[in-house]
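In case you want the letters, here they are:
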Amino acid sequence: MTRPEGEDPSVPVGPPPAPASGEKPVPVRAPETRSVQRRSHVALVLLTLAAGAMDAIAFLGLGGVFTANMTGNLILFALAGREDWVLHALRSGLACAGFCAGLLIGFTMPGRHGGNALWSPAAVRLLWAGLALQIAFLAGWAISGGAPGPVVILALIGAGSCAMGMQAAAARRVDLAGITATFVTGTLTALFETSGPGWSTDNRRRTAIVVALVLGALCASLLLRFAPPWAGVAAPVFTLLALAVVHPYAHLGRRGRPGRARG
């Protein structure tokens, strides 16, 4: 086969040589670089900060419900002996419905799952959609002066829980150490299940996620204490930072560099 004029003579001409007899071909690996995984983990930590902030403001400012922790909402829904149970059950049920709606949107959105800590374009679109809902939440909260009425509370619960459902679906598409970025019961269980003499990278990641949920809740609760109208700003800021971290790597090509990719 002749070499095209002007081509580098050091580049072999023709198809790559076949492997020797009995030798296995070298598989083409996805861009699972440490840098990409590190960025994915940073993004998940930021998203968990957002989830902690949303849960804190919902529990303290929206009638004692959660927007990300559905286990808690299911328990609250079943507490029939408490005062004003019907109202609390309505709010908890709405939070569960909103979260499930976000999951449904997230898992039925076209586009393949990234996996291996890779953020597919579909996962990034979910974060943008969730951010839009968080900004709507912030607007409603700020307009009400940090003291929303009964109808506004229901609207804020629906928006916040749907945003957290989308965020959970995006994290599952990424699939890094089983991190969900909304609730940590499974993460905490996996942390102790895999603990041993050594401290693996996945366990360090899980520990950071647990700490991030607490810090996010602390941040929002302090804002509620000292600047109530601005308490809703924490979650969208954390989400926006997460998007800034992953967006350049949402279109990774086969060589691990930013490029065009379907998905």
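Position numbers for residues start from 1 in each chain and track the written sequence from start to end. Only residues with pLDDT of 70 or above have their local features reported here, since the model is predicted, and side-chain atom pairs are shown and tallied only from 80 upward, although totals for entire chains, interfaces and linings are computed over all residues. Side-chain measures here rest on the full set of heavy atoms in the structure, leaving out hydrogens and waters.

What to know about helix 8 (residues 234-246)
Here helix 8 is 13 residues long and its end C-alpha atoms lie 19 Å apart, about the 18 Å a rise of 1.5 Å per residue gives. A 1.4 Å probe rolled over the protein chains alone gives each residue an accessible area, and that area as a share of the maximum for its type sets the label: buried under 20%, exposed over 50%, partly exposed in between. Numbered from the N terminus, helices here are DSSP runs of H or I no shorter than four residues, and strands are runs of E no shorter than two. Regarding helix 8, the residues found buried are Ala234, Ala235, Pro236, Phe238, Thr239, Ala242, Leu243, Val245 and Val246. Residues are treated as being in contact if the distance between any of their heavy atoms lies within 4.5 Å. Of the surrounding secondary structure, the elements contacted by the buried residues of helix 8 are helix 1 (34-61), helix 4 (121-143), helix 5 (150-174) and helix 7 (201-226). What a helix is expected to span follows from its residue count: subtract one and scale by 1.5 Å.

A few points about the packing of aromatic side chains
In this analysis, rings of Phe, Tyr and Trp, with Trp reduced to its six-membered ring, are considered paired at centre separations within 6.5 Å, and the interplanar angle assigns stacked below 30 degrees, edge-to-face beyond 60, and tilted for intermediate values. Tallied over the full model, the rule gives one aromatic pair. With a centroid separation of 5.2 Å and 20° between ring planes, the pair formed by Phe59 and Phe66 is classed as stacked. Two thresholds decide whether a charge sits over a ring: the Lys NZ or Arg CZ must be within 6 Å of the ring centre and within 35 degrees of the ring normal. Residue placement shows Arg225 over the ring face of Phe226; its charged tip is 5.2 Å from the ring centre.

Here's the deal with the nonpolar core
Take the buried residues of types Ala, Val, Leu, Ile, Met, Phe, Trp, Tyr and Cys, join any two whose side-chain atoms come within 4.5 Å, and each joined set is a nonpolar core. If you look at the biggest cluster of nonpolar residues, it comprises 59 residues, and the most contacted ones within it are Leu44, Leu62, Trp119 and Trp141. When residues of this core are traced back to their parent elements, those giving at least two are helix 1, helix 3 (85-108), helix 4, helix 5, helix 7 and helix 8. When residues of this core are assigned to their parent elements, the largest contribution, 13 residues, is made by helix 1. Those residues in contact with Leu62 that sit more than four places away from it in its chain are Ile57, Arg91, Phe137, Trp141, Pro148, Ile153, Leu156 and Ile157.

Notes on a nonpolar patch on the surface
On the surface, Val211, Leu215, Leu218, Leu222 and Phe226 cluster together to form a nonpolar patch covering roughly 490 Å² of accessible area. Locating Phe226 in the fold gives a position in helix 7. Patch construction takes residues with relative accessible area above 30% that form no salt bridge. Like charges are linked within 9 Å, and nonpolar side chains (Val, Leu, Ile, Met, Phe, Trp, Tyr) are linked within 5 Å. All accessible-area figures derive from a Shrake-Rupley calculation using a 1.4 Å probe, and residue coverage is judged against the displayed protein chains alone. Any Lys or Arg side-chain nitrogen located within 4 Å of an Asp or Glu carboxyl oxygen qualifies as a salt bridge.

Points about the side chain of Arg173
Locating Arg173 in the fold gives a position in helix 5. We define a polar contact as two N or O atoms separated by no more than 3.5 Å, with the added condition that, inside protein, one atom must be a possible hydrogen donor and the other a possible acceptor, whereas residues neighbouring each other in sequence contribute only through side-chain atom pairs. Within the structure, Arg173 has its side chain in polar contact with the backbone oxygen of Gly106 (distance 2.9 Å).

Here's the deal with the side chain of Asp55
Relative to the helices and strands, Asp55 is located in helix 1. From its side chain, Asp55 meets the backbone nitrogen of Thr67 in a polar contact 2.7 Å long. Residues within four places of Asp55 in sequence aside, it is in contact with Val65, Phe66, Thr67, Ala68 and Asn69.

Description of helix 5
Across its 25 residues, helix 5 extends 37 Å between first and last C-alpha, which sits within 8% of the 36 Å expected from 1.5 Å per residue. With 18 of its 25 residues buried, helix 5 lies for the most part within the structure. Looking one or two residues beyond helix 5, the residue adopting positive phi is Asp175, at roughly 60°.

Remarks on unusual backbone geometry
Negative phi characterises most residues that are not glycine, and trans characterises most peptide bonds. For Asp84, which is not a glycine, the phi torsion comes out positive at approximately 55°. Topologically, Asp84 is positioned in the loop between helix 2 (70-78) and helix 3. Exposure remark for Asp84: the relative accessible area of 49% places this residue in the partly exposed category.

Overview of the packing of helix 4 against helix 5
Between the N-to-C directions of two axes lies an angle of 0 to 180 degrees, each axis being a line fitted to C-alpha atoms and, for a helix, fitted only over the stretch in contact. The interhelical angle for the contact between helix 4 and helix 5, taken along N-to-C directions, is 160°, at an axis separation of 8 Å. Considering the angle they form, helix 4 stands roughly antiparallel to helix 5. The two elements helix 4 and helix 5 meet at a crossing, and its hand is left-handed. Of the residues in helix 5, those touching helix 4 at Ala122, Ala123, Leu126, Leu127, Ala129, Gly130, Leu133, Gln134, Phe137, Gly140 and Trp141 are Val152, Leu156, Ala159, Gly160, Cys162, Ala163, Met164, Met166, Gln167, Ala169, Ala170 and Arg173. When residue character is reported, Ala, Val, Leu, Ile, Met, Phe, Trp, Tyr, Cys and Pro are called nonpolar, Asp, Glu, Lys and Arg charged, and the others, Gly included, polar. Broken down by class, the residue content of the contact of helix 4 with helix 5 amounts to 17 nonpolar, five polar and one charged. By the definition adopted for this analysis, an angle is roughly parallel if under 35 degrees, roughly antiparallel if over 145, roughly perpendicular if from 65 to 115, and oblique otherwise. Left-handed describes a crossing whose near helix is turned anticlockwise from the far helix by less than a right angle; the clockwise case is right-handed.

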